[in-house]
Amino acid sequence: MSRQPILSCRNIVVDFDGFKAIQGVDLTIEEGEIRFLIGPNGAGKTTMLDVICGKTRALSGQIWFHNRIDIVKKQEHEIVNLGIARKFQAPSIFLNLTVFENLELAMKQNRHLWAVLRARIDSGQRKRMMEVLAQIGLADQAERKAGLLSHGQKQWLEIGMQLMQEPKLLLLDEPIAGMTGTERERTGELIREIAQTCSVIVVEHDMDFVRTFSKQVTVMHEGKILCEGTMEQVQRDPRVAEVYLGKGKAEHAESVAT
Ligand SMILES: Nc1ncnc2c1ncn2[C@@H]1O[C@H](COP(=O)(O)OP(=O)(O)OP(=O)(O)O)[C@@H](O)[C@H]1O
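A few points on the structure. (Residues numbered from 1 in each chain as written. Predicted model: local features only at pLDDT ≥ 70, side-chain atom pairs only at ≥ 80, totals over all residues. Heavy atoms only, no water.)

## Looking at the pairing of strand β6 (residues 84-87)
Convention followed: Buried means the residue's accessible area, taken with a 1.4 Å probe over protein chains only, is under 20% of the maximum for its type, while exposed means over 50%, and partly exposed covers the values in between. Under the scheme used here, helices are H or I runs from DSSP no shorter than 4 residues and strands are E runs no shorter than 2 residues, and both carry numbers assigned from the N terminus. Here, a strand pair is defined by DSSP locating no fewer than two bridges between the strands.
Covered by surrounding structure in β6 are I84 and R86 together with A85 and K87, the residues of both alternating faces. In this structure, β6 lies alongside strand β7 (residues 169-173), joined through 4 bridges in parallel fashion. Across the sheet, K87 pairs through a bridge with L172, a residue of β7.

So, in structure tokens, the structure goes:
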């Protein structure tokens, strides 16, 4: 059964003072899909995430959410409220607060004023927090100060903070950077789990990780889509090795090609 698109980017152009960082990108993401965005440095991957979450304005083009709402001109908070969450590369958790308090804060951030002003969380909210804690593997760390967590745990907490908003689309920028092998594996499994209820777009440079956890991969180069397909298909495409090599990224090309 074919799934519905959750996001359809049409002819997106981003211009930074005359430099076209994105040059007419079409990108369609289906419900429940994990899509990896790869490509050499400067290809435009992060800029695409920035445009989708409203951090950067497109010069032209449309971004249809659920085929119904064009979000291209919406404000960041409106896009969050529609169900699109973005985790940036650097964690922005509160190190002096406990894991639980960080999740509590994430939940309150997304609520109306009357609710924010209520001091206590209700049983439904507590249940949601416990579910997220279990999902991100931090149930036994709930009372621990976030500053004492390992790097990987901090990243999972930040993902958990995004999950508190029950997003329909989650944008992850290099989620495994700086992680140990075990943490990478756990993160891949977490992304798979998340994708059961939410589509995920992952920008990633680690080709072993992409190979293990991807179904569909989109390769970007110089602000355009170069090709799309399974990792097997894209690594057979001679243009892919060429763009990595052309950028002097022999090590990337090697890892893409093997
Ligand atoms: N705010 C900005 N102003 C001007 N140029 C920018 C801005 N943000 C990004 N760029 C440029 O746009 C191009 C695309 O950058 P982007 O960060 O999207 O690439 P990327 O594929 O994510 O690269 P990397 O893998 O290195 O993170 C680059 O040439 C970058 O220098």
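## Observations regarding the site of the ligand
Our working definition: A single heavy atom is enough: if one lies within 4 Å of a molecule or strand, its residue is considered near that molecule or strand. We call two N or O atoms a polar contact when they sit within 3.5 Å, provided that within protein one can donate a hydrogen and the other can accept it, with sequence-adjacent residues counted only if both atoms are side-chain atoms. Computed with the Shrake-Rupley method and a 1.4 Å probe, the accessible areas treat only the protein chains shown as cover for residues. Amino acids outside the nonpolar list (Ala, Val, Leu, Ile, Met, Phe, Trp, Tyr, Cys, Pro) and the charged list (Asp, Glu, Lys, Arg) are all regarded as polar, and Gly is one of them.
With respect to spatial proximity, the complete set of residues near the ligand consists of F16, F19, A21, P40, N41, G42, A43, G44, K45, T46, T47 and H205. At a separation of 2.5 Å, an oxygen atom of the ligand approaches a polar side-chain atom of T47. One of the side-chain nitrogen or oxygen atoms of H205 is found 2.7 Å away from an oxygen atom of the ligand. Relative to its unbound accessible area of 630 Å², the ligand is 60% covered by the protein chains. Only β2 (19-30) and α1 (45-52) provide two or more residues apiece to the shell around the ligand. Element by element, the count of residues in the shell around the ligand is highest for α1, at 3 residues. Across the shell around the ligand, the residue classes break down as 5 nonpolar, 6 polar and 1 charged.

## Points about the layout of surface pockets
Our working rule: Method remark: on a 1 Å grid restricted to protein atoms, a set of points is classed as a cavity if a 1.4 Å probe fits but cannot get out and as a pocket if it is open with protein on both sides within 12 Å along at least five of seven lines; lining residues have an atom within 4 Å of a point. Grid points are joined across faces, edges and corners, and a volume is the space filled by probe spheres set on the points.
Its volume calculated, the second largest pocket comes out at about 170 Å³. Every residue lining the second largest pocket is listed: R3, E30, G32, E33, I34, R192, A195, F213, S214, K215 and Q216. The class makeup of the residues in the lining of the second largest pocket is 3 nonpolar, 3 polar and 5 charged.

## Looking at the side chain of Q162
What counts here: We call two residues in contact whenever any of their non-hydrogen atoms come within 4.5 Å of each other.
Within the secondary structure, Q162 is located in helix α6 (residues 151-163). A distance of 3.3 Å separates a polar side-chain atom of Q162 from the backbone oxygen of R86. In contact with Q162, other than residues within four places in its own chain, are A85, R86, K87, P167 and L170.

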